[in-house]
Amino acid sequence: MNKKIRISVLIVLFIAFYVYGVFAQNKSLVNTSASKYAKLSGIDMSDVTWTNGFWADRFKVCRETMIPNLWKIYGDPKMGHAIQNFEIAAGLDTGSHGGAPFQDGDFYKLFEAAAAVYASTHDPKIDKLMDQTIALIAKAQRADGYINTQTLIDERNHPKEAKAFEDRMNFETYNFGHLMTAACVHYRATGKRNFLDIAIKATDYLYHFYKTASPELARNAICPSHYMGVVEMYRTTRYPRYLELAENLINIRGLMKNGEDQNQDRIPFREQTKAMGHAVRANYLYAGAADIYAETGDTTLLHTLNLIWNDVVDHKLYITGGCGALYDGVSPDGTSYQPKDIQQVAQAYGREYQLPNFTAHNETCASVGNVFWNWRMLQITGDAKYADVLEQTLYNGVLSGISLDGKGFFYTNPLSSNDALPYKLRWSRDRVGYIAYSDCCPPNVVRTIAEVSSYAYNISDKGLWLNLYGGNKLSTRLKDGTPVKLTQTTNYPWDGTVNIQIENMPGKEFSIFLRIPGWCKNATLLVNGKPAGVKTTPGTYAELKSKWKSGDKLTLLLPMPVKFIEANPLIEETRNQVAVKRGPIVYCLESVDLPKGKKIFDIALSAKTDLKLSPIKIENSDIVSLTGEASTHNENGWKNNLYREVSTKNDGSAYIRLIPYYAWDNRGHNNMETWIPFDR
């Protein structure tokens, strides 16, 4: 090879090295492939293709409607103003910052959703749009790596007044964190370094900031998405300083003089035993701490996470997976006579068993954070209980945050809603197209839907793990590089039959772990039509170890009877009421489905109520509703009456229809309830 050719080859290799890098090439959503203290690893984001059924439908709406609709909103100067903020910060336009201080972070979430969809579709239009957006973000970024459009715009308009990290309510670290996560997802989806290089500069800025800032300023952070972001940057680049930064962040938390339960920093993280304060900030913190444990093995972190997880699941979690019962409250409550010790909290976890229905806050972002937290706990432990909560939250608490057509959004997710209430709550009772000043939930739920395929499977040293069921094709590799291809055919969650056809298998022995949901009794598992001979205990993974070959067929049968669920009697609001559940789906009653003249309050269920499956379509989405006869009671005559003598008269019966909770408020303005009176 002559000298000119060698030089040309070296130039090409250098360009390829710079553009595509040599960073960690695992392309999973949360990369625990090299995490010493994680039992499971994710598959690459492109390894799963939804083929038909529930998640294929939601992914299609996400790609065709959710992302384009939100991108249009964020580019509208009269609504989202997010893209305009970057243009002004970059000096390409003039004006003031528009939207909430966390608007940058919310736009990064939307960008992440687009990158996740690109990983599955390789749509060149999405790739082009992302490259154009990255170029704009790069122009806005300061030379030292700092990027937060509100501060950057203030620096242009009021250079003597603007200061970074002076006000925790500017959400700078929150915005940084979502930038880091989106950049890692983009790098894994495309192989390009253009966004990752921006994130490296930003993370380096944060690293040096925490090295030099005063202790009080360094602790001045809110809604810690940056814990997850910094760890993911470490996993992508393997730069030790990023793990050092992540450990420092958790170590200094709770050491500031004026910490708050609202922000989970009144006391050090390792001394906390209960979920408290703002539920979104809490769940982001818990997810980030789990990430740090996965890399360091710091058992003091895992001990705290176990205590808090048990507190949530045993005392504070809604049946939908929703988190954060309180619009407003106090913390601690009833434990101190000293006014100085009592702090206000909002959008927050309340006391044990404090789970109201009409006034349930349940911010959509808190449900998304609950998914993040439980996913990371699953990676660490391989314990199916975390996958159970993840599934419960996805199907109910997350999906309720967005309309079936992908254009309307809830900020809060109450379990009952009724026009008879004489007060107006802070957030809309109906989904809206844009949540002014607090549009954090729409892009969060959209990126979660775009990324559900990454939660469907795991791999470990032992083999392949199936966490979520849905019609899809999988083409992946085990930890040792063994290629695995299979096709999953099912109408889950409406039907409990899951067929798995193994394809192109090399004849290597390994285990396949199938999750037996905690709600499922008497599950059956067949291999090539014959009983598998393994235990199918609810809330565990059933392990099938074999020398698999192409053509092998696994059949999982998950019985899905309609169940009436009662709550712990210490939950005052649900005494003598039941929720209706089938499989992972929680159902509710809407007034639109009642006979004329009947109200929500008139309906009662009983042990004799026989609810049958009834497939319907709402907003062109296939849904299985439940229909049957229910008891009725005349609940009229309550105007100006707070109490009255009980009537034992049964008013008769009425034909009712229940629909999945996530699908309510898709047929116009309605009254709704999830917990229904029960006649024993």
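Because the structure is predicted, anything quoted here is derived from the model rather than measured.

Quick rundown of the packing of helix α7 (residues 172–190) against helix α8 (residues 194–212)? Include the residues and the values.
Any two packed helices are characterised by the angle at which their axes cross and by the distance between the axes. Between α7 and α8, the least distance of the axes is 9 Å, while the angle of their chain directions is 145°. In terms of crossing hand, the pair formed by α7 and α8 is left-handed. Of α8, the residues touching α7 (which contributes T173, F176, L179, M180, A182, A183, H186 and Y187) are N194, F195, L196, I198, A199, A202, T203, Y205, L206 and Y210. Split by residue class, the contact of α7 with α8 holds 14 nonpolar, four polar and no charged.

Account for the sheet that holds strand β14 (residues 530–531), with residues named and values stated.
Note: strands within a sheet are paired through backbone hydrogen bonds, in either parallel or antiparallel orientation. An order of β2-β9-β10-β11-β16-β13-β14 is seen for the seven strands of this open sheet, with the pairing classed as antiparallel. The open sheet is flanked by β2 (48–52) and β14, the only strands paired with a single partner. Two elements, strand β13 (residues 524–527) and β14, share two bridges in a ladder whose sense is antiparallel. Pairing of V527 across the sheet is with K530, part of β14.

Tell me about the packing of aromatic side chains, and please be specific about residues and values.
Each aromatic ring pair is specified by the distance between its two centres and by the angle formed by the two planes. Under the counting rule described, the total for this entry stands at 35 aromatic pairs. On the numbers, 5.0 Å between centres and 75° between planes, the contact of F102 with F171 is edge-to-face. Here F102, found in the loop between α3 (82–89) and α4 (103–121), pairs with F171, found in the loop between α6 (149–157) and α7; they are 69 residues apart in sequence, far enough to count as distant. Of the two residues, F102 and F171, both sit in the buried class. In textbook terms, an aromatic cluster arises when at least three aromatic residues are bridged by ring pairs, as seen for F54, W55, Y395, Y469, Y492, W494 and Y662.

If you had to explain helix α16 (residues 441–450) to someone new, which residues and values would you point to?
With 10 of 10 residues buried, α16 lies mostly within the body of the structure. Contact partners of the buried residues in α16: α2 (54–74), α4, α7, α12 (279–296), α14 (364–381) and α15 (384–398).

Lay out the environment of A164 with the relevant residues and their values.
Turning to its location among the elements, A164 is positioned in the loop between α6 and α7. Discounting residues that sit within four places of it in the chain, A164 has contacts with Y146, T151, E172 and Y205.

Please set out the sheet that holds strand β1 (residues 41–42) residue by residue, giving values where relevant.
A sheet is described by the order of its strands in space; here five strands give the open sequence β1-β7-β8-β12-β15, paired in mixed fashion. Edge strands, defined here as strands with exactly one partner in the open sheet, are β1 and β15 (540–549). The sheet contact formed by strand β12 (residues 506–516) and β15 spans nine bridges and is antiparallel. Pairing of E509 across the sheet is with K547, part of β15. Lying over the sheet, α15 contacts β12 and β15, oriented at roughly 60° with respect to β12.

Give a description of the side chain of T181 that names residues and reports values.
In this fold, T181 is placed in helix α7. With residues near it in sequence (within four places) discarded, T181 still touches E112, G229 and R447.

Would you mind going over α2 in detail, with residue names and values included?
If you check α2, its first and last C-alpha atoms are 28 Å apart, about what 21 residues at 1.5 Å a residue would give, namely 30 Å. The sharpest bend along α2 measures roughly 45° and falls at C62.

Can you explain the nonpolar core? Please cite residues and give values.
Formed by 224 residues in total, the largest nonpolar core has its most connected members in F195, V446 and L514. Among all residues touching L514, those that are not within four sequence positions of it are L466, Y469, I500, L525, T540, Y541, A542, L544, L554 and L556.

Please provide a residue-by-residue account of the environment of D93, values included.
By the element assignment, D93 lies in the loop between α3 and α4. Apart from residues no more than four positions distant in its own chain, D93 is found in contact with E87 and I88.

Conventions and cut-offs
- Residues numbered from 1 in each chain as written.
- Predicted model: local features only at pLDDT ≥ 70, side-chain atom pairs only at ≥ 80, totals over all residues.
- Heavy atoms only, no water.
- Axes fitted to C-alpha atoms, helices over the stretch in contact; angles between N-to-C directions.
- Helix = DSSP H or I, 4+ residues; strand = E, 2+ residues; numbered from the N terminus.
- Left-handed = near helix turned anticlockwise from the far one by under 90°.
- Contact = heavy atoms within 4.5 Å.
- Nonpolar A, V, L, I, M, F, W, Y, C, P; charged D, E, K, R; others polar.
- Pairing = 2+ DSSP bridges.
- Phe/Tyr/Trp six-rings, centres within 6.5 Å; stacked < 30°, edge-to-face > 60°.
- Buried < 20%, exposed > 50% of the residue type's maximum accessible area, 1.4 Å probe, protein only.
- Expected span 1.5 Å × (residues − 1).
- Bend = angle between axes of the 7 residues up to and from the residue.
- Core = buried A, V, L, I, M, F, W, Y, C linked by side-chain atoms within 4.5 Å.

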